[in-house]
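# Close look at the chain arrangement
Now for the letters of each chain:
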Amino acid sequence: MSNTMQAIEITKPGGPEVLKPTSRAVPVAGVGEIVIRVAYAGVNRPDAAQRAGTYAPPPDASDLPGLEASGVVAEVGPGVTRWKIGDEVCALLPGGGYAEYVATPAVHALPVPAGMDLRAAACLPETFFTVWTNVFDRGGLQAGERFLVHGGSSGIGTTAIQLATARGARVFATAGSSEKCAACVGLGAEQAINYREEDFVEILKAEGGANLILDMVGGSYLPRNLLALATEGRLVQIALLGGAKVEMNLAQIMMRRLTLTGSTLRPQSVEAKAQIAEALEREVWPLLTAGRIAPVMDSEFAFTEAAAAHAYLETSKHIGKIVLKVAG
Ligand SMILES: NC(=O)c1ccc[n+]([C@@H]2O[C@H](COP(=O)([O-])OP(=O)(O)OC[C@H]3O[C@@H](n4cnc5c(N)ncnc54)[C@H](OP(=O)(O)O)[C@@H]3O)[C@@H](O)[C@H]2O)c1
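What comes next is a walk through the structure. Not measured: the values here are computed from a predicted model.

What counts as what
- Residues numbered from 1 in each chain as written.
- Predicted model: local features only at pLDDT ≥ 70, side-chain atom pairs only at ≥ 80, totals over all residues.
- Heavy atoms only, no water.
- Axes fitted to C-alpha atoms, helices over the stretch in contact; angles between N-to-C directions.
- Helix = DSSP H or I, 4+ residues; strand = E, 2+ residues; numbered from the N terminus.
- Parallel < 35°, antiparallel > 145°, perpendicular 65-115°, else oblique.
- Contact = heavy atoms within 4.5 Å.
- Nonpolar A, V, L, I, M, F, W, Y, C, P; charged D, E, K, R; others polar.
- Salt bridge = Lys/Arg side-chain N within 4 Å of Asp/Glu carboxyl O.
- Buried < 20%, exposed > 50% of the residue type's maximum accessible area, 1.4 Å probe, protein only.
- Polar contact = N/O pair within 3.5 Å; in protein donor to acceptor, adjacent residues only side chain to side chain.
- Phe/Tyr/Trp six-rings, centres within 6.5 Å; stacked < 30°, edge-to-face > 60°.
- Lys NZ or Arg CZ within 6 Å of the ring centre and 35° of its normal.
- Pairing = 2+ DSSP bridges.
- Right-handed = clockwise from strand over helix to strand, strands pointing away.

It is worth spelling out the packing of helix α3 (residues 125-138) against helix α9 (residues 270-283) at this point. Running from amino to carboxyl end, α3 crosses α9 at an angle of 95°, the nearest separation of the two axes being 10 Å. Judged on the interaxial angle alone, α9 and α3 are roughly perpendicular. Mapping the contact onto sequence places Phe128, Phe129, Trp132 and Thr133 in α3 and Lys273, Ile276, Ala277, Ala279, Leu280 and Glu283 in α9. Grouping the constituent residues of the contact of α3 with α9 by class yields 7 nonpolar, 1 polar and 2 charged.

Right, here's the structure in full:
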């Protein structure tokens, strides 16, 4: 194995054009880590935020973008017993997925589900870890509850609709076009709401209110989300695409006993993310293996076309996931 590899780096904060091919040293597996020879790398909205300079990587993470990848184990670090060289895996990464090789804690890797190819497997970690921890751990979604997910056609949204449906929730989704709404219904949503034409508050209130909302918009959505919640409802905030600052009426929270919470995945401890991986393998991997759920694939770009992939992501025309083909 050569000591150097091809990677895509963020040359300076800015638009997609700041993503440029580069040559870097191949990472070495530290204690508890594996190095993966990357086949496909998932492209996620947080990568675009990192590129733009609004979402800095944790201090100990690679500066290269890329939060998830699939591929083959190329090196096993001290203390790792589960994986051996040659195993096919998909993994959540601290960063560095836009590269031929990437190091990650071994406990953040999962087997490629039986019957799934490496291309689809690359689309699993970032959205499945995020949805599991926010919708089921933090949000406590139960079968029979009314669940509203904003951005229903996003990577996160398409995952949330499928998982919540598979676990027996009644799912409502918002999206910005009729084509996106049709995709949400195709994935199991009972009702998809085109937010450009309809008011999600009125629709959810008519149903008795949402027991749980997963929101990536924030801003002006916050007061409307509070109105759309049922008594004792929970709002989980995972992003702020519509803005971070907003005025709200705290009385809503008291009078209807609402819970407002949120999280980001990347800065959490290795142990916390390992627990999410364990839960996914136990609760969700059987659904993937059985073909009951599957990542929604929008498009594939060549590794060297990462800038084009970001430009496309930021048009928001996609439905589901975008991947970079690195090798394989
Ligand atoms: N907290 C965490 O741990 C965590 C982890 C992963 C991702 N995230 C966040 O979750 C969000 C979804 O990630 P993703 O990779 O699934 O994204 P994505 O596929 O790029 O989808 C984002 C979608 O949000 C919708 N949207 C609504 N309001 C928007 C606005 N003001 N600006 C831009 N888009 C808007 C767009 O669809 P419409 O046409 O329907 O508007 C867009 O397609 C991102 O904000 C990401 O940063 C958070």
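We are not done yet, so read on.
The next thing to look at is the pattern of salt bridges. Tallied over the entire structure, the rule returns 14 salt bridges. Here Glu190 and Arg170 are joined by a salt bridge, their closest N and O atoms 2.7 Å apart. Within this pair, whereas Glu190 is found in the loop between α5 (178-186) and β10 (191-194), its partner Arg170 is found in strand β9 (residues 170-175), the two being separated by 20 residues in sequence. Classification of Arg170 as partly exposed rests on a relative accessible area of 27%. One salt-bridge network, in which partners are shared between bridges, spans Glu9, Arg24 and Asp63.

Position of Glu207 among the secondary structure elements: in the loop between α6 (200-206) and β11 (210-215). The class of Glu207 is partly exposed, set by a relative accessible area of 29%. Residues Glu207 and Ala228, spaced 21 residues apart in sequence, show a C-alpha to C-alpha distance of 9.7 Å. For Glu207, the residues in contact, after removing those within four places along its chain, are Arg146, Arg170, Phe172, Glu190 and Gln191. One polar contact links Glu207 to Arg170, side chain to side chain, over a distance of 2.8 Å.

What follows is about the packing of aromatic side chains. The final tally for this structure, using the stated rule, is 3 aromatic pairs. Residues Trp132 and Phe136 carry aromatic rings whose centres are separated by 4.8 Å and whose planes lie at 35° to one another, so their mutual orientation is tilted. Within this pair, Trp132 and its partner Phe136 are both found in helix α3, separated by 4 residues, close to a single helical turn. Trp132 gets classed as buried once you look at its relative accessible area, which sits at 5%. Its relative accessible area of 11% is what places Phe136 among the buried residues. Stacked on the ring of Phe136, the Lys or Arg Arg167 has its end atom at 5.1 Å from the ring centre. Lying over the aromatic face of Tyr221, Arg224 brings its terminal NZ or CZ to 5.6 Å of the ring centre.

In terms of burial, strand β12 (residues 229-237) is largely enclosed, as 7 of its 9 residues are buried. Direction of pairing for β11 relative to β12: parallel, over a ladder of 5 bridges. Pairing of Ile213 across the sheet is with Leu235, part of β12. Following the chain from β11 across helix α7 (residues 221-228) to the adjacent parallel β12, one finds a crossover that is right-handed. In this sheet, strand β13 (residues 259-262) lies alongside β12 in parallel orientation, the contact comprising 4 bridges. Note on β13: the bridge partner recorded for Gln237 is Gly262.

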